[in-house]
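Spelled out from the first residue to the last, the chains are:
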Amino acid sequence: MESQRKVASYEFSTKAVRDFIIELVQRETHNRFLPLLAKVHSEGSVVDIQDLLLRFGFDNICLLGFGVDMGCLESSLPEIEFAHTFDEATRLTLKRFLWPIYVLPFLDFLARFGIGTNSKLRNMVKVVDRFAQSVIEKRRQELKLRTAHEESGELASKFSRGYSDLLSRFIQHDEETRGRNSVNAAAAMSDKYLRDIMLNFVLAGRDTSSVALTWFFWLLDQHPEVEKKMVEEVRSIRKARKASLQEHELSQKVVEGFTYEELREMHYVQAAITELMRLYPPVPADTKTAITDDYLPDGTFVQSGDRVSRILSSTRFFQAGPRICLGKEMAYTQMKYLVASILSSPYRFQLLPQPSPKFEISLTLKMKGGLMSTVRKDSCPGFDKVLRTSMRLNGEMAGPEELGLIASLKQKRAHPSWPGQETVESVTMG
Ligand code: HEM
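Residues numbered from 1 in each chain as written. Predicted model: local features only at pLDDT ≥ 70, side-chain atom pairs only at ≥ 80, totals over all residues.

Turning our attention to the environment of Lys288. By secondary structure assignment, the location of Lys288 is in strand S2 (residues 285–289). Counting along the chain gives 20 residues from Lys288 to Val308, while the straight-line C-alpha distance between them is 5.3 Å. (Helix = DSSP H or I, 4+ residues; strand = E, 2+ residues; numbered from the N terminus.)

Given below as C-alpha cells:
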C-alpha cells in the first residue's frame, strides 16, 4: 500500500482539490465569517477573534478532510461535541507528553480504574474514534451506492455529485489501485488506517492557520500602514478583474470572492502573513523520536527511542525537506482569502485594550485568553484607521467622539480587566 504521505501529497497537488479548497473557504467566509462580523457590529458586542478563527479553521478542515460540515461558525457559535472533545483530547495528550516519562506507567495504572486524566483521555479518544468511524462507514456506503448507480447507467442527481473531500479520495484511490472487482481485502485501507489519516489531517490543519491569523490581526492593529498597503493591493486586483469582465458579467456573484490566480497575485498580503509566521511560528516546536540509533548532522549521537525537539523559527515554520507541511498551499489560500475578504469589506476588528498577549502551552502558538475585539464599520475601509491613528499620534484628534474614544481606551488600559459585556463603542458613544 502506498504511504499516506505519498497519496496525500499527490491529491493536494491536483487542481480539483485546489478548486475544492477555494470553494470551501469562499463559502465559509461569505456565508458565515463576514455575516458574523456584521452581526457583532450591529449588536455592539465583544468577540474573541481567536475563537472565531479556530471555528473557521475547524469547519474548513472537516469539510476538506472528510466532507462533513460541523457548523462551528454558525451565528449562534454553538458548542460542537466532536470539536470540543477533539480539543480536550489534544490538550490532555500534550499534558501527558509533558509529564516525566517515569510517571506515565502510574497514570496508565490509574486509568484502569477509571481515575485520572489518562482515563478521561481514553474516553475522549473513544468519542472521537466513534465519530470518525461513523463518517467512514457512511462514506464507504455512499461511494458504493454511487458506483452501483454509475454501473447501472442511472445516474440519479443525488449520486452524480462527486466527493471531493480527502477521505473519499483516499477510498477511491485505494479502490482504483486495487481494481474495483478485486477481492484482495487484505490490501485495502482498513477503517482504522483511514481514521488515523482523517484525524491526522484535523490535527495538522485545524489550529495552525487560525493561530497564525490571530497574531496577524493583533499585529495589524499596530500597523495601519501595512493594512493600507494590503487594501490597495486587494483593490487593484479587484479593479483589474472588473475591467476584464464584460458589462453583463458584472453581477454581484461574479465580483464576490477571489480566484486562486488572484490570490497568487497578492504578493504583499502573502509577504505580511509570511513575516508574521517568521515572528510567531504557528507550530513553535517539532519533536521526533528516533526509531534507530543515529547521528544528528552536527555529529551528536541519538539513541533509538530518544526524543529530539527542534524550535521551528526563521523560515522553517512549515518544516522542510521530506517532512514539509502538506497543507502549506491550503494554509496560504485560506489565510489570504480571509484577510483579503475582510479588507475588502467595510468591517474591521477594533481590539479591546489588553495587556501584551502571552502564549498558551499548546501544540500550536495559541494566544492565552484569546484576542478580544469589537467590530467597527468603516465608510472608507482601510483609510479611516490610518487617518485616525496618524491624527492620534500627532495629537490632532478631531471631534468629541474621537476624544471620548481615546479617553476610554486610556482608562481601559489602566484597568486591563475590562468588563465582559461592555464594548469600547458603548462606553464612548453612550
Ligand atoms: C500556518 C499554517 C501551518 C503551519 C505553520 C504548518 C506547519 C507544519 C509543520 C511544521 C509540519 C511538520 C510536522 C512534522 O515534522 O511532523 C506540518 C505537517 C503537516 N501539515 Fe501543516 N502547517 C500548517 C497548516 C496546515 C494545513 C491547513 C493543513 C491541512 C490539511 C496541514 C497539513 C499537514 C499535514 C498533513 C502534515 C503532515 C505531513 C507528514 O505526514 O509528513 N498543515 N505542518
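Now for unusual backbone geometry. Of note in this structure, Leu77 is not a glycine but carries a positive phi near 45°. The class for Leu77 is partly exposed, based on 14 C-beta atoms found within 10 Å. (Buried ≥ 20, exposed ≤ 12 C-beta atoms within 10 Å, placed from the backbone.)

In this section: the site of the ligand. As a structural note, the neighbourhood of the ligand is formed by 21 residues, with Ala204, Gly205, Thr208, Cys325 and Gly327 the closest of them. Residue assignment for the shell around the ligand shows that the elements contributing at least two residues are helix H1 (4–12), helix H9 (191–205), helix H10 (208–222) and helix H15 (328–343). (Near = placed C-beta within 6 Å.)

Moving on: H15. In this model H15 runs 22 Å from its N-terminal to its C-terminal C-alpha over 16 residues, within 8% of the 22 Å that 1.5 Å per residue would give. Most of H15 sits out of view: 14 of its 16 residues are buried. (Expected span 1.5 Å × (residues − 1).)

All right, on to the sheet that holds strand S7 (residues 372–377) then. An order of S1-S7-S6 is seen for the three strands of this open sheet, with the pairing classed as antiparallel. Only two strands of the sheet have a single neighbouring strand rather than two, namely strand S1 (47–48) and strand S6 (347–351). The sheet contact formed by S1 and S7 spans two bridges and is antiparallel. Its bridge partner being in S7, Asp48 is matched across the sheet by Met372. (Pairing = 2+ DSSP bridges.)

These figures capture arrangement, not role.
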